[in-house]
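Next come the chains, spelled out residue by residue.
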Amino acid sequence: MISDYLAEFFGNKILGYLISAALPLFLWILPYALYAVYAERKVSAFMQDRIGPNRVGPKGLLQTIADILKLIQKEDIVPASADKPLFVTAPYVIFAGTFAAFAALPFSSVYIGSNIDLGVFYIMAVSSFSVIGILMAGWAGNNKYSLYGAMRSVAQIVSYEVPALLAIVTAVMVIGTLNLNEISQMQTSRFWNWWILGGPVEGIQKFLYIIPMIIAFIIFFIASLAEVNRTPFDIPEAESELVAGFHTEYTGMKFAMFFLAEYGNMFVVSAISVSIFFGGWQSPFGYLGNSLGINWLIPIEQVFWFLFKGSLLVLVQMWLRWTLPRLRVDQLMSLCWKYLTPYAFINLVIVGIITLIK
Amino acid sequence: MKEYLRNTWLGIYTVLVGMKVTLSHLFKPKVTIQYPDVRIQLPERARNRLYVNIDDCIGCDQCSRACPVDCIEIETVKAVPGENLGITSNGKRKALWVTKFDIDIAKCCYCGLCVYPCPTECIWMTDVYEFSEYRREDLIYHFSNLSPEEALQKKLNYKKFEEEKARQKAAQATTANPNPKQDSGNEN
Amino acid sequence: MAELKTDQIVLNMGPQHPSTHGVLRLEVVLDGEVVVDVKPHIGYLHRCFEKHAEAMTYPQVIPYTDRMDYLASMYMNFGYVEAVERLMNIEVPERVKYIRVIMGELQRIASHLVAVGTFGIDIGAFTPFLYCFRDRERILDLFEMTCGARLLYNYMWIGGLSHDLPPQFIPKLKSFLKDFRKSLKELNDLLSYNKIFIDRTANIGVLPADTAINYGCTGPVLRGSGVNWDLRKNDPYSIYDRFDFEVCVGKGEMGTVGDCWDRYMVRVREMEQSCRIIEQAIEQIPDGDVTSAIPKRVKPPVGEIYFRVESPKGELGYHIVSDGSLNPFRVKVRAPSFVNLQILPIISRGHLVADIIANLGSLDIVLGEIDR
C-alpha cells in the first residue's frame with residue numbers, strides 16, 4: 001500500500017500517512033474541480049447547440065484558471081452586521097466535509113487514504129458534515145432570505161440522507177462488508193461480477209439480485225443529486241427564485257470555495273456509487289498490464305478506471321442538470337418521503353428475503 | 001395506489017425521453033459563429049446605417065419631413081441664376097445649395113421612411129452595423145460637402161442677389177410710374 | 001395557549017429581476033410562505049406613444065406602433081394599418097392580404113416561442129429556451145430578407161406593404177415549416193410532457209372561465225380557461241375566414257382547466273395551427289403589386305373607428321379618431337397584456353411564492369405594451 005511505502009520512506013508513520021491522505025487533494029481534487037467547471041460549460045453548450053468557452057487557451061481549456069484569477073482579486077466583503085467568525089469559517093467547513101470523504105475512497109488496489117473497516121459508514125457520516133457549514137453560512141449572512149435558503153437546503157440534505165442510506169444498506173446487505181477496499185476487490189475480472197449485476201455470487205441468487213441492485217443504484221443516484229444540490233434539486237442556488245440562497249453574501253475566494261466544494265461533492269458521491277455498484281477500480285475486461293506482462297502498470301490502470309467511471313457519473317449528473325426543470329420545495333420533500341423512501345424500504349425487504357434463501 | 005405507480009412510471013419515463021433529446025443535441029452541429037472573426041453576410045434589403053450621396057441631393061427636404069423622430073436637419077440656400085450646380089444622376093437639375101445636411105444617427109429609429117420620398121434616390125440604408133463612437137458628437141453625421149466659409153459665401157451671394165433684384169424692381173417701378181400718388185388717386 | 005400571531009411581510013420583486021419579463025415591480029404580501037396579495041406596479045416603460053401619435057402623420061405612427069409589443073411588431077402594424085384602411089375605405093390588393101396573414105402568423109410563432117422559452121427558464125429548464133430561440137432566429141432571418149429589419153419592422157404600410165416578397169422567401173419558408181414541426185415535437189418531449197414540469201405548472205394559477213371573461217382577459221389566457229373565443233374565427237378580419245384551422249382550447253388534461261399548463265399548451269398548439277395557416281396561404285397566394293394602393297397623402301375623413309385583431313398576446317384594439325387632417329386626433333390602444341395583468345393577484349392568492357413566477361410566465365406579458 002502506498003501509505004505503508006511512504007511511511008517507510010519517511011521513517012515516520014504519521015508523516016507518511018499524512019502525506020498519503022493529502023495526495024488526493026493536490027493530485028486529483030484541484031485539477032478535477034478546474035476541469036469539471038470547464039466540462040460543465042462545454043457540455044451545456046454542446047447540448048444547447050452552441051460552442052462554449054473557446055477563446056482562453058486552446059479550445060478554452062484555461063478558462064477556469066482565468067475565472068479563478070478573477071475571483072481571487074475580487075474584494076473580500078464581509079457584511080458589517082454579519083457574524084464574523086461563522087461567516088469566515090463556513091466555506092471551509094463545507095469543503096472540509098467533502099475533502100474528508102476522499103480519505104476513504106479506494107483509488108486503486110495499492111492506494112487508499114485510510115483503509116478502515118467502516119469505510120462506507122465513515123463516508124456517509126462525514127459528508128453530512130456540510131450541513132453544519134451551510135447553516136453557518138446562512139446564519140452568518142444576517143439576511144432573512146439567506147437563512148430561509150439555508151434552512152431549505154438543510155432540510156433537503158437531511159431528508160435525502162434516508163433513502164440514500166437505505167439504498168446503501170441494501171447493497172451492503174448483499175455484499176457483507178463495509179470496507180470499501182474489500183468491496184472493490186470482490187468485484188474481480190469481468191464486469192459481470194459488478195455488484196449492480198448481482199456481484200460474484202453463484203447460482204440463481206445472482207440473477208435475483210440484479211433488479212433490486214439496479215433499483216438501489218437509481219434511488220441512491222437520485223438521493224445523491226439532492227445531497228449535492230444539483231438540478232432538479234437546486235432550490236438553494238436557483239437564480240430565478242425569490243430567495244437567493246445561502247451563499248448570497250459571499251464574494252471572491254470564499255465563493256470559489258463553495259463551488260469547489262460542490263464539484264468535489266459531486267465526485268465523492270459518484271465515487272461511492274462506482275465503488276459499490278460499478279466495480280471500483282476494476283476494469284470491465286482484464287488489464288493491459290496483465291497481457292503485456294508489465295506488473296507496475298496495473299495499479300496505474302486501476303486508478304485510470306476508477307477516475308474514468310467516476311467522471312462518467314459526474315457527466316451524467318451534468319446531463320441531468322441541463323435537461324430537467326427544477327422541483328419546488330414541497331415537491332422535493334414529497335418525492336423523498338412519499339416515493340423514494342417507501343421504494344427503498346421495499347427494496348431492502350426484498351433483498352433481505354433473497355439473501356435468506358440460500 | 002394506481003395513481004402512485006403511474007406517477008412513478010411517468011416520472012422515470014419522461015426524464016429518460018428528455019435526456020435522449022439533449023443527448024442527441026450533443027452531436028448536432030453548432031449554430032453559433034465566432035463573431036468578430038466571422039461575420040454573416042446581411043441580405044441586400046438590410047436596414048442599418050444611413051448614407052447620403054450628397055452629389056445627387058436636390059435639397060427638397062422630403063426626407064426630413066418624413067422622419068418620425070426628426071433626426072435629419074437640412075438647410076439650403078437658393079442658387080444665384082447663372083450658377084451651374086450640375087444635374088443629378090437621374091437627370092434632375094439642381095437649384096439649391098445644400099449648406100447643411102446633418103443626420104443624428106443616434107436618434108434614427110431605422111424605420112426607412114426617409115428612403116422612399118427622395119426623388120433622386122440619394123439617401124438609403126446600408127448594411128453597416130458596427131459604427132459605435134466614443135463621443136456622442138461623433139454620431140452626428142455631416143453630409144454636406146460645402147465648408148463653412150463656402151456656405152457663408154453662398155448665403156452672402158444670394159443675399160446680394162436678392163438685394164440687387166429688389167433695388168432693380170424698385171427702380172423699374174419708379175421709371176414706369178413717375179407719379180405713383182396721382183395714379184392711385186385717379187384710379188380711385 | 002394563546003394563538004401565535006403571525007405577521008404579514010411585504011416583499012418587493014423590484015423592477016430589475018430575472019423573472020419579471022421587463023420592468024415590472026411586484027409588491028407581494030406574504031403570510032409565511034403563502035401569498036396573500038400581489039400588487040403590480042407598472043409605468044417604468046412609459047414612452048408616451050399615444051401623445052406622440054397625435055403629433056405624427058399617419059404613416060409616421062407605424063414605427064411607433066412597432067415598439068409597443070416589440071416581440072410581435074408585425075401584429076401591431078397589422079392592427080393599426082387595417083384600422084386606418086377601414087377609416088379611409090381603401091381596398092388593398094389580394095396579394096397584400098395574403099402576405100399580411102403570412103407575416104402575422106410567422107410573428108405569432110415567433111412571439112409564442114419567446115413565451116414558451118422564457119417560461120421554461122423561469123421553471124428552471126435552461127435548454128428549451130435555446131432551442132426555441134434557434135427556431136426564432138430562422139423566422140427573423142425570413143423577416144430580414146423581406147423588409148430589412150429583424151425586430152421592429154415598419155413593414156405594413158397604409159394601403160400595402162413596403163416591399164414585396166423576395167424570390168427566395170417561399171422556398172426558405174417551406175423548409176422552415178418542415179423543420180419547425182420536428183422542433184415542436186422535440187419541445188414537447190423535452191418540456192411539455194416532462195413530469196417535473198407538469199408538477200410545477202398543473203393546478204397552479206387556476207383561472208376559472210367566468211373570472212377570465214369578467215376581467216376581460218383575451219388570447220391564450222382566456223382560451224386556456226376553456227372559453228372558445230378567437231377573434232380570427234368569431235369576428236373575422238382580413239381573410240382569415242378562408243383558412244381552415246382549429247382554435248386551441250385548454251381542456252385540463254394535466255390538472256384543472258385554466259391552470260398554467262393549459263395556457264402554456266394552448267400556445268404550443270397555436271404554433272402548430274399557425275403553421276397550417278401559413279401552408280394554406282402559400283398555396284393560395286396570388287400575384288400582384290403590393291404598392292399599388294398606397295395613397296400619396298394619408299388624409300382620412302372625419303370619423304372614428306375601433307378595430308381589433310387577435311395578436312399573439314390577446315385582443316389588440318386600436319381606437320383612432322380622425323379630424324380630417326394629416327395627423328390623427330387620438331390613437332388609443334387596448335393592449336392585451338395590460339388587461340391580462342390584472343388577474344395576476346387573483347390567480348396567485350393562496351399559492352406559494354415560487355408560483356408567482358410560474359403564473360407571471362404563463363400570462364406572457366410584455367411591458368412595452370402595458371406601459372406604451
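Because the structure is predicted, anything quoted here is derived from the model rather than measured. (Residues numbered from 1 in each chain as written. Chains lettered and ligands numbered in written order. Predicted model: local features only at pLDDT ≥ 70, side-chain atom pairs only at ≥ 80, totals over all residues. Heavy atoms only, no water.)

Description of the overall build of chain B
Applicable threshold: Put simply, DSSP marks the helices as runs of H or I at least four residues long and the strands as runs of E at least two long, and each gets a number from the N terminus on. Radius of gyration means the value over C-alpha atoms here, while the globule rule gives 2.2 Å times the residue count to the 0.38 power. Each residue is placed in one exposure class: buried if its accessible area under a 1.4 Å probe, protein chains only, is under 20% of its type's maximum, exposed if it is over 50%, and partly exposed if it falls in between. Computed by Shrake-Rupley with a 1.4 Å probe, the accessible areas treat only the displayed protein chains as cover when residues are assessed.
Assigned secondary structure in chain B consists of four helices and five strands. In terms of C-alpha radius of gyration, chain B reaches 32 Å, well past the compact-globule figure of 16 Å for 188 residues. The buried share among the 188 residues of chain B stands at 34%. Of the accessible surface of chain B, which amounts to about 12800 Å², a share of 54% is contributed by carbon and sulfur atoms.

Some words on the overall build of chain A
Heads up, the condition is: We call two residues in contact whenever any of their non-hydrogen atoms come within 4.5 Å of each other. His is not counted here, nor are the chain ends, while Lys and Arg score as positive and Asp and Glu score as negative. Taken as the charge location is NZ of Lys, CZ of Arg, CG of Asp or CD of Glu.
Helix and strand counts for chain A stand at 13 helices and zero strands. For chain A, the succession of helices and strands along the chain, N to C, is α-α-α-α-α-α-α-α-α-α-α-α-α. Computed over C-alpha atoms, the radius of gyration of chain A comes to 21 Å, within 12% of the 21 Å expected from 2.2 N^0.38 for 358 residues, which places it in the range of a compact globule. Principal axes of the C-alpha set define a box for chain A whose edges measure 65 × 50 × 45 Å. Per-residue burial for chain A yields a buried fraction of 55% across its 358 residues. Taking the intrachain contacts of chain A between residues at least 6 apart in sequence as the baseline, contacts between residues at least 24 apart amount to 75%. Of the roughly 15200 Å² that chain A leaves accessible, carbon and sulfur atoms contribute 74%. Of the side-chain charges in chain A, 21 are positive and 21 negative, and the distance between the mean point of each set is 6 Å.

Details of the packing of aromatic side chains
Where we set the bar: Stacked, tilted and edge-to-face pairs are distinguished by plane angle, under 30 degrees for stacked and over 60 for edge-to-face with tilted covering the rest, among Phe, Tyr and Trp rings (Trp via its six-membered ring) whose centres lie within 6.5 Å. Note on criteria: charge over ring means Lys NZ or Arg CZ within 6 Å of the ring centre, with the direction from the centre no more than 35 degrees off the ring normal.
Counted by the stated rule, this structure contains 38 aromatic pairs over all chains. Here the aromatic rings of C:Phe78 and C:Tyr237 are separated by 6.0 Å at their centres, their planes lie at 75°, and the arrangement is edge-to-face. Placement of C:Phe78 in helix α3 (residues 73-88) and of C:Tyr237 in the loop between α10 (231-234) and α11 (260-284) is noted, with a sequence separation of 159 residues between them. Here the aromatic rings of C:Tyr193 and C:Trp261 are separated by 6.0 Å at their centres, their planes lie at 55°, and the arrangement is tilted. You can see C:Tyr193 sitting in the loop between α6 (169-192) and α7 (195-201) and its partner C:Trp261 sitting in helix α11, a full 68 residues away along the chain. Overall, the relative accessible area of 0% leaves C:Trp261 in the buried class. Among the aromatic side chains, those forming a connected cluster through ring pairs are A:Trp28, A:Tyr32, A:Phe102, A:Phe107, A:Phe267 and A:Phe306. The ring of C:Phe245 has C:Lys233 lying over it, and the distance from NZ or CZ to the ring centre is 4.0 Å.

Here's the deal with the confidence of the model for chain B
Our working definition: Residue-level confidence of the predictor, termed pLDDT, takes values from 0 up to 100.
When pLDDT is averaged across chain B, the result is 84; 93% of the residues are at 70 or more. Counting interchain partners and residues more than four positions distant, the pLDDT-below-50 stretch residues 183-188 of chain B has one contact.

Quick look at the interface of chain C and chain B
For clarity, the threshold we go by: A 1.4 Å probe defines the accessible area here, and the buried area is the portion of it lost by two parts on being joined, summed over both. Here, a salt bridge means any Lys or Arg side-chain nitrogen found within 4 Å of an Asp or Glu carboxyl oxygen.
At the interface, 30 residues of chain C touch 25 residues of chain B. Roughly 2200 Å² is buried in total at the junction of chain C and chain B, and carbon and sulfur atoms are behind 57% of that figure. Taken together, chain C and chain B are joined by one salt bridge. The residue B:Lys28 makes a salt bridge to C:Glu186 at a minimum N-O spacing of 3.4 Å.

Some points on empty space enclosed by the protein
Where empty space is left becomes clear once a probe the size of a water molecule has been rolled over the atoms. All names here are of chain A. For clarity, the cut-off: Using only the protein atoms, space was sampled on a 1 Å grid; points where a 1.4 Å probe fits but cannot get out form cavities, open sets with protein on both sides within 12 Å along at least five of seven lines form pockets, and lining residues are those with an atom within 4 Å of a point. Grid points are joined across faces, edges and corners, and a volume is the space filled by probe spheres set on the points. Classification used: nonpolar for Ala, Val, Leu, Ile, Met, Phe, Trp, Tyr, Cys and Pro, charged for Asp, Glu, Lys and Arg, polar for all others including Gly.
All told, the structure shown has six cavities of 30 Å³ or more when counted by the stated rule. Roughly 100 Å³ of internal volume is contained in the second largest cavity. Taken together, 13 residues line the second largest cavity, and the ones lying closest to its centre are Met124, Ser127, Glu227, Asn265 and Val269. Mapped by element, the contributors of at least two residues to the lining of the second largest cavity are α5 (119-127), α9 (204-227) and α10 (252-277). At four residues, α10 tops the list of elements feeding residues into the lining of the second largest cavity. Here the lining of the second largest cavity is composed, by residue class, of eight nonpolar, four polar and one charged.

Description of the environment of B:Asn48
Residues and elements named next belong to chain B. In this structure, Asn48 sits in the loop between α1 (2-26) and β1 (50-52). Using a relative accessible area of 18% as the deciding quantity, one classes Asn48 as buried. Counting along the chain gives 59 residues from Asn48 to Lys107, while the straight-line C-alpha distance between them is 13 Å. Among all residues touching Asn48, those that are not within four sequence positions of it are Leu42, Tyr110, Met125, Thr126, Asp127, Val128 and Tyr129.

A closer look at the interface of chain A and chain B
Quick note on the threshold: For the purposes of these results, a polar contact is taken to be a pair of N or O atoms within 3.5 Å, where, inside protein, one atom must be able to donate a hydrogen and its partner to accept one; residues adjacent in sequence count only when each atom of the pair is a side-chain atom.
Taken together, the 17 residues of chain A in the interface contact 19 residues of chain B. Roughly 1700 Å² of surface becomes buried between chain A and chain B when both sides are summed, with 61% attributable to carbon and sulfur atoms. On the chain A side of the contact with chain B, A:Asp49, A:Trp319 and A:Tyr339 bury the most area, a combined 33% of that side's loss. Of the charged contacts in the structure, one is a salt bridge between A:Arg55 and B:Asp37, with a shortest N-O distance of 3.2 Å. Run the count over chain A and chain B and you get 10 residue pairs in polar contact (both at pLDDT 80 or more). Contributions of two or more residues to the side of chain A that touches chain B are made by α2 (13-47), α12 (297-321) and α13 (329-356) of chain A. Top contributing element to the side of chain A that touches chain B by residue count: α13(A), with four residues. For the side of chain A that touches chain B, the residue count by class is 11 nonpolar, two polar and four charged.

Quick look at the nonpolar core
Threshold: Only buried residues count toward a nonpolar core. Its members are Ala, Val, Leu, Ile, Met, Phe, Trp, Tyr and Cys residues joined through side-chain atoms within 4.5 Å.
One finds C:Tyr80, C:Leu106, C:Tyr155, C:Ile158, C:Leu173, C:Tyr318 and C:Ile320 to be the most contacted residues of the largest nonpolar core, which totals 92 residues. It is helix α4 (residues 94-123) of chain C that contributes the most residues to this core, 13 residues altogether. Once residues lying within four places of it in the same chain are set aside, the contact partners of C:Ile158 are C:Tyr58, C:Pro59, C:Ile62, C:Tyr80, C:Val81, C:Val84, C:Glu85, C:Met88, C:Ile90, C:Ile294, C:Pro295 and C:Val298. In this structure, A:Met124, A:Ile175, A:Val228 and A:Ile276 belong to the second largest nonpolar core, which totals 79 residues.

Structural notes on the layout of surface pockets
Each pocket or cavity is described by its volume, and for the largest pocket that value is around 1400 Å³. Around the largest pocket sit 46 residues that line it, and A:Ile222, A:Leu335, B:Thr8, B:Gly11 and B:Ile12 are the ones nearest its centre. Among the elements of the structure, α9, α12 and α13 of chain A, α1 of chain B together with α7 of chain C are those that each provide at least two residues to the lining of the largest pocket. When grouped by side-chain class, the residues that make up the lining of the largest pocket number 32 nonpolar, seven polar and seven charged.

Observations regarding the sheet that holds strand β2 (residues 25-31) of chain C
All names here are of chain C. Stated precisely, the cut-off is as follows: Strand pairing is assigned whenever DSSP detects at least two bridges linking the two strands. Geometry is summarised by axes, namely lines fitted to C-alpha atoms with helices restricted to the contacting stretch, and by angles between N-to-C directions that run from 0 to 180 degrees.
Read from one edge of the open sheet, three strands run β1-β2-β3, paired in antiparallel fashion. Because the sheet does not close on itself, it has two edges, and the strands there are β1 (9-13) and β3 (34-41). Shown here is a sheet whose adjacent strand axes are inclined to one another by a mean of 25°, direction ignored. Across five bridges, the pairing between β1 and β2 is antiparallel. Across the sheet, residue Asn12 finds its bridge partner in β2, namely Glu27. Lying on the sheet, helix α14 (residues 353-363) is in contact with β1, β2 and β3; it crosses β2 at an angle near 145°.

Observations regarding α5(A)
One turn of the α-helix equals 3.6 residues, which is why residues spaced by three or four share an orientation. Buried within α5(A) we find A:Gly119, A:Val120, A:Ile123, A:Met124, A:Val126 and A:Ser127. Where the residues of α5(A) are buried, they touch α4 (84-101), α6 (130-140), α7 (144-175), α8 (180-186), α9 and α10 of chain A.

A few points about the packing of α4(C) against helix α5 (residues 127-147) of chain C
Residue and element names in this part refer to chain C. Put simply, the test is: Each angle receives one of four descriptions, namely roughly parallel if under 35 degrees, roughly antiparallel if over 145, roughly perpendicular if within 65 to 115, and oblique otherwise. Two helices crossing with the near one rotated counterclockwise from the far one by less than a right angle form a left-handed crossing, whereas a clockwise rotation gives a right-handed crossing.
Axis separation between α4 and α5 bottoms out at 9 Å; the angle between their running directions is 155°. Taken together, the axes of α4 and α5 lie roughly antiparallel to each other. Like other packed secondary-structure pairs, α4 and α5 cross with a definite hand, here left-handed. Mapping the contact onto sequence places Met103, Leu106, Gln107, Ile109, Ala110, Leu113, Val114, Val116, Gly117, Thr118 and Ile121 in α4 and Phe129, Cys132, Phe133, Asp135, Arg136, Ile139, Leu142, Phe143 and Thr146 in α5. A breakdown of the residues in the contact of α4 with α5 according to their chemical character gives 14 nonpolar, four polar and two charged.

Some words on the pattern of salt bridges
All names here are of chain C. Tallying each qualifying case throughout the model produces 48 salt bridges over all chains. Where Asp235 meets Arg308, a salt bridge forms, and the shortest distance between an N and an O atom there is 3.1 Å. Taken together, the residues span a long stretch of sequence, with Asp235 in the loop between α10 and α11 and Arg308 in strand β6 (residues 303-311) at a distance of 73 residues. On the basis of relative accessibility, which here comes to 32%, the residue Asp235 falls in the partly exposed class. Exposure remark for Arg308: the relative accessible area of 25% places this residue in the partly exposed category.

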